[in-house]
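Residue-level listing of the chains:
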Amino acid sequence: QVQLVESGGGLVQPGGSLRLSCVVSKRAFNIYIMGWYRQAPGKQRELVATISSSSTTNYADSVKGRFTISRDNAKNTVYLQMDSLKLEDTAVYYCNTGSGIWPWGQGTQVTVSS
């Protein structure tokens, strides 16, 4: 059973930064395209960033230029550096494969508020 453990969320002011981490208990983690998703209250979960096994990255237009996804295959960990945070970035953030095939973790809450 794959386990996904997200951490690093919190309360931050607009313009601030946070770094999220997700530890994945999965053998051969390195072969998977990984993604960060978010779900705001009353909205559907959306994919915001992906990273391939070769570290090719893609971003949703809403976060492009502000968020950076990275991975450390030796630590089975994927990261999301979030800069210039906006009010609309408030959501619960989750990691999963790029197609969301694993059971979801508990997520980590990010709240952007002044």
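Higher on the page you've got the structure.
Every chain begins its residue count from 1, and numbering advances along the sequence as written. With pLDDT at 70 or above as the cut-off, local features in this predicted model cover only qualifying residues; side-chain atom pairs require 80 or more to be listed or tallied, and sums for whole chains, interfaces and linings still use all residues. To obtain the side-chain values, all non-hydrogen atoms of the structure were included, while hydrogens and water were left out.

### Comments concerning the pattern of salt bridges
Note on pairing: side chains with opposite charge can pair once their charged atoms come close. Applicable threshold: The working definition used for a salt bridge is a side-chain nitrogen of Lys or Arg within 4 Å of a carboxyl oxygen of Asp or Glu. Secondary structure is summarised from DSSP: a helix means a run of H or I of at least four residues, a strand means a run of E of at least two, and numbering begins at the N terminus for each. Only protein chains enter the accessibility calculation, which uses a 1.4 Å probe; a residue is then buried when its area is under 20% of its type maximum, exposed when over 50%, and partly exposed in between.
Under the defined criterion, the tally for this structure stands at four salt bridges. Among the ionic pairs, Asp89 bridges to Arg38, the shortest N-O distance being 2.9 Å. Taken together, the residues span a long stretch of sequence, with Asp89 in the loop between strand S8 (77-82) and strand S9 (91-97) and Arg38 in strand S4 (residues 34-39) at a distance of 51 residues. By the burial criterion, Asp89 is buried, and Arg38 matches it. The partner of Asp89 in a salt bridge is Arg66, and the shortest N-O contact between them spans 2.7 Å. Placement of Asp89 in the loop between S8 and S9 and of Arg66 in the loop between strand S6 (57-59) and strand S7 (67-72) is noted, with a sequence separation of 23 residues between them. Take Asp89 and Arg66: they sit in the same class, and that class is buried. Three or more residues joined by partner-sharing salt bridges are found here, namely Arg38, Glu46, Arg66 and Asp89.

### What about the packing of aromatic side chains?
Applicable threshold: What counts as a ring pair is set by centres within 6.5 Å for rings of Phe, Tyr and Trp (its six-membered ring), and what kind of pair is set by the plane angle: stacked under 30 degrees, edge-to-face over 60, tilted for all other angles.
The tally for this structure, following the rule as stated, stands at three aromatic pairs. A centroid spacing of 4.8 Å and a plane angle of 65° characterise the contact between Tyr32 and Trp102, whose relative ring orientation is edge-to-face. Note that Tyr32 is positioned in the loop between strand S3 (18-24) and S4 and Trp102 in the loop between S9 and strand S10 (108-112), a separation of 70 residues in sequence. Accessibility expressed as a relative area gives 7% for Trp102, which makes it buried. Aromatic pair Tyr94 and Trp104: ring centres 5.8 Å apart, planes at 80°, arrangement edge-to-face. Of this pair, Tyr94 sits in strand S9 while Trp104 sits in the loop between S9 and S10, placing them 10 residues apart in sequence. Residue class for Tyr94 comes out buried when judged on its relative accessible area of 11%. A network of ring pairs unites the aromatic residues Tyr37, Tyr94 and Trp104 as a single cluster.

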